[in-house]
Amino acid sequence: DHGRVVPNPHTPRTMSRPFPLLLVVAAALGATAAAAPAGAQMRTMNKTCKARVADATRMNAERQFDSALTVFSELQPQCTTSDGREAVAAGKARALNGLTRHEQAIPEAEKALAASKNTSLTGYFERGIAREALGQPDSAKADFDRIIAL
């Protein structure tokens, strides 16, 4: 019996696994972002669009979701390149998820996916976050699995 593992009686036997999966996905996103050259995703955006997307992305990172949502909404008609549309829609989805407006985040994430021809890691991530929050774990897992596959 020395090699036998005894289960912890305080650990529930049926434990949901979205948190560990989110850690794997977040690590994958970080590794992908670190491996890409600076500005690689935004190479065709004009300077004004690129600067404002960077400002709004910083707002999201600082949890200023209302301000970020305002800027991304203003940018949608102005950033017309595919990478600009992807960055704006993904940023808007992030802001909406941050505001717990998950139903609205999904179509924005899908706009990012459409602009990127279904290669936007952030689009899949934000849609997965929204789906998980809306109680759709299977759909969320499919989005996170897609990120890992990309």
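Residues numbered from 1 in each chain as written. Predicted model: local features only at pLDDT ≥ 70, side-chain atom pairs only at ≥ 80, totals over all residues. Heavy atoms only, no water.

Engineer: Where do I start with the packing of helix α4 (residues 82-98) against helix α5 (residues 102-115) in this structure?
Structural biologist: Relative placement of two packed helices is described by the angle separating their axes and the distance separating the axes. Viewed as axis vectors pointing N to C, α4 and α5 meet at an angle of 160°, and their least axial separation amounts to 8 Å. Accordingly, the angle class assigned to the pair α4 and α5 is roughly antiparallel. Relative to α5, α4 is oriented so that their crossing is left-handed. From α4, Ser82, Arg85, Glu86, Ala89, Ala90, Lys92, Ala93, Leu96 and Asn97 reach across to α5, where they touch His102, Gln104, Ala105, Glu108, Ala109, Lys111, Ala112 and Ala115. Partitioned by chemical class, the residues of the contact of α4 with α5 number eight nonpolar, four polar and five charged. (Axes fitted to C-alpha atoms, helices over the stretch in contact; angles between N-to-C directions. Helix = DSSP H or I, 4+ residues; strand = E, 2+ residues; numbered from the N terminus. Parallel < 35°, antiparallel > 145°, perpendicular 65-115°, else oblique. Left-handed = near helix turned anticlockwise from the far one by under 90°. Contact = heavy atoms within 4.5 Å. Nonpolar A, V, L, I, M, F, W, Y, C, P; charged D, E, K, R; others polar.)

Engineer: Could you clarify how one ought to interpret α4 in this entry?
Structural biologist: Residues lying three or four places apart along an α-helix face the same way, a consequence of the helix completing one turn every 3.6 residues. Compared with the 24 Å implied by 1.5 Å per residue over 17 residues, the 24 Å span of α4 between its first and last C-alpha is a close match. Of all 17 residues making up α4, 13 are buried, and the element is well covered by its neighbours. Immediately beyond the C-terminal end of α4, within one or two residues, lies Thr100, with a positive phi of roughly 55°. (Expected span 1.5 Å × (residues − 1). Buried < 20%, exposed > 50% of the residue type's maximum accessible area, 1.4 Å probe, protein only.)

Engineer: What should I look at first to understand unusual backbone geometry in this one?
Structural biologist: It is generally the case that most residues other than glycine have a negative phi and that most peptide bonds are trans. The backbone of Arg63 sits at a positive phi, close to 65°, despite the residue not being glycine. Within the element layout of this structure, Arg63 appears in the loop between α2 (47-61) and α3 (65-75). The exposure class of Arg63 is exposed, given its relative accessible area of 61%. Positive phi, normally seen in glycine, also occurs at Asn118, with a value near 60°. Among the secondary structure elements, Asn118 is positioned in the loop between α5 and α6 (121-133). Among the residues examined, Asn118 registers a relative accessible area of 40% and is labelled partly exposed.

Engineer: Would you take a moment to explain the nonpolar core for this structure?
Structural biologist: The nonpolar side chains of a soluble globular protein tend to be buried with one another. One finds Val53, Phe72, Leu75, Cys79 and Val88 to be the most contacted residues of the largest nonpolar core, which totals 18 residues. Counting residues per element, the ones that place at least two in this core are α2, α3, α4 and α5. Those residues within four positions of Val88 in sequence are excluded, and the remaining contacts are Val53, Phe72, Leu75, Gln76 and Cys79. If you look at the next biggest cluster of nonpolar residues, it comprises seven residues, including Phe125, Ala140, Phe144 and Ile147. (Core = buried A, V, L, I, M, F, W, Y, C linked by side-chain atoms within 4.5 Å.)

Engineer: Honestly, the packing of α5 against α6 in this entry has me stumped. Any pointers?
Structural biologist: Two elements in contact, α5 and α6, have axes separated by 8 Å at closest approach and are oriented at 160°. Regarding the angle of α5 to α6, the classification is roughly antiparallel. Taken as a pair, α5 and α6 cross one another with a handedness that is left-handed. When α5 is examined against α6, the residues His102, Ala105, Ile106, Ala109, Glu110, Ala112 and Leu113 are found in contact with a partner set consisting of Gly123, Tyr124, Glu126, Arg127, Ala130, Arg131 and Ala133.

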